[in-house]
Structures are given as structure tokens and as C-alpha cells.
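# Architecture at a glance
Chain residues, written in single-letter form:
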Amino acid sequence: MAAGWMRPIVGLWFMVGAVVEVFNAWTRRLVVEKLEPERRLRSVAWFAGGFAVRVVLTASVLALAFRHSFASGLMAFLGYYVCRMVVTWRLARRLERLPGEGVFRNRLGSVSYTH
């Protein structure tokens, strides 16, 4: 009887893990956009604050999922991991290396510089 209602909840934890990774990818992007070489202290603060938020959110979701059940925890982690690999794969495919060291162009035409 318990296994019947448990399956949708376990699948929900998979989706929660995936949503957490989408949020983490979005916040990483925001932090990178806020980095300014001239204002190092502010850049470090943005980086450290974003990292802390991502760690706390991910750890909280995984702790809640494992507290619910072992299968829920595994599914939340699997959702997080699969979504992370998909986001990484899509980003790697989207970037094209330009001639010139540290310059990347995505398919939409925006350019980012790395050092």
C-alpha cells in the first residue's frame, strides 16, 4: 500500500533536484556577470555569497529528501546530477572558440572574455 503513493513523491524529488540545479546554474551565471576586475572585493563578495546560497540550498534539499526516504534522496541527487550534466553539455556545445586566447562566442553572438 505504501509503495503506491510513494512513487509519485520519489519522482517529485527527482524534479526538485533538477530545479535546484537549474537555479544553481542561473545564480552562477548572475555571479559571473557581476564580476568586475576593477572591484575585486565586491567580486569576491558576490562569488562567496552565491556559493554559500548554492551550497545551503543544495544541502537542504538533499537533507530533506534523504529524511523523507533513501529512495527520495537518491532521486533528488540523480535529478541534480543529470540536470547538471545536461546544462554542462549544452553550454559546451553552445560555445565556439574564437581565434584569440580567452575569447568565446556563443550561438547568439554574445562574446565573453576569460583570463
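This text gives an overview of the structure that appears in the document. Predicted model only: the values in this text are computed from it and were never measured. (Residues numbered from 1 in each chain as written. Predicted model: local features only at pLDDT ≥ 70, side-chain atom pairs only at ≥ 80, totals over all residues. Heavy atoms only, no water.)

### A short note on the overall build of the protein chain
- Across its full length, the protein chain carries 3 helices and 3 strands.
- Counting from the amino terminus, the protein chain carries its helices and strands in the arrangement α-α-α-β-β-β.
- Per-residue burial over the protein chain gives 23% buried out of 115 residues.
- The contacts of the protein chain with a sequence gap of at least 6 include a subset with a gap of at least 24, amounting to 49%.
- Total accessible area on the protein chain is roughly 8,700 Å²; 70% of this is exposed by carbon and sulfur atoms. (Helix = DSSP H or I, 4+ residues; strand = E, 2+ residues; numbered from the N terminus. Buried < 20%, exposed > 50% of the residue type's maximum accessible area, 1.4 Å probe, protein only. Contact = heavy atoms within 4.5 Å. Areas by Shrake-Rupley, 256 points an atom, 1.4 Å probe, with all protein chains shown as cover.)

### Brief notes about the packing of aromatic side chains
- If you walk through the whole model with that rule in mind, you get 3 aromatic pairs.
- When the ring of F66 is compared with that of F70, the centres are 5.8 Å apart and the planes differ by 50 degrees; the resulting orientation is tilted. (Phe/Tyr/Trp six-rings, centres within 6.5 Å; stacked < 30°, edge-to-face > 60°.)

### Let's talk about the pattern of salt bridges
- Going through the model one piece at a time under the given rule, you end up with 3 salt bridges.
- E21 serves as the salt-bridge partner of R28, at 2.8 Å between the closest nitrogen and oxygen.
- Residues R84 and E21 are paired through a salt bridge, measuring 3.6 Å at the closest nitrogen-oxygen approach. Of this pair, R84 sits in helix α3 (residues 70-94) while E21 sits in helix α1 (residues 2-34); the two residues are 63 residues apart in sequence, bridging distant segments of the chain.
- According to the relative accessible area criterion, E21 is buried, its value standing at 0%.
- One salt-bridge network, held together by shared partners, links E21, R28 and R84. (Salt bridge = Lys/Arg side-chain N within 4 Å of Asp/Glu carboxyl O.)

### Re α3
- The end-to-end C-alpha distance of α3 is 36 Å, a good match for the 36 Å that 25 residues give at a rise of 1.5 Å each.
- Where α3 is concerned, the buried positions are S72, G73, A76, G79, Y80 and C83. (Expected span 1.5 Å × (residues − 1).)

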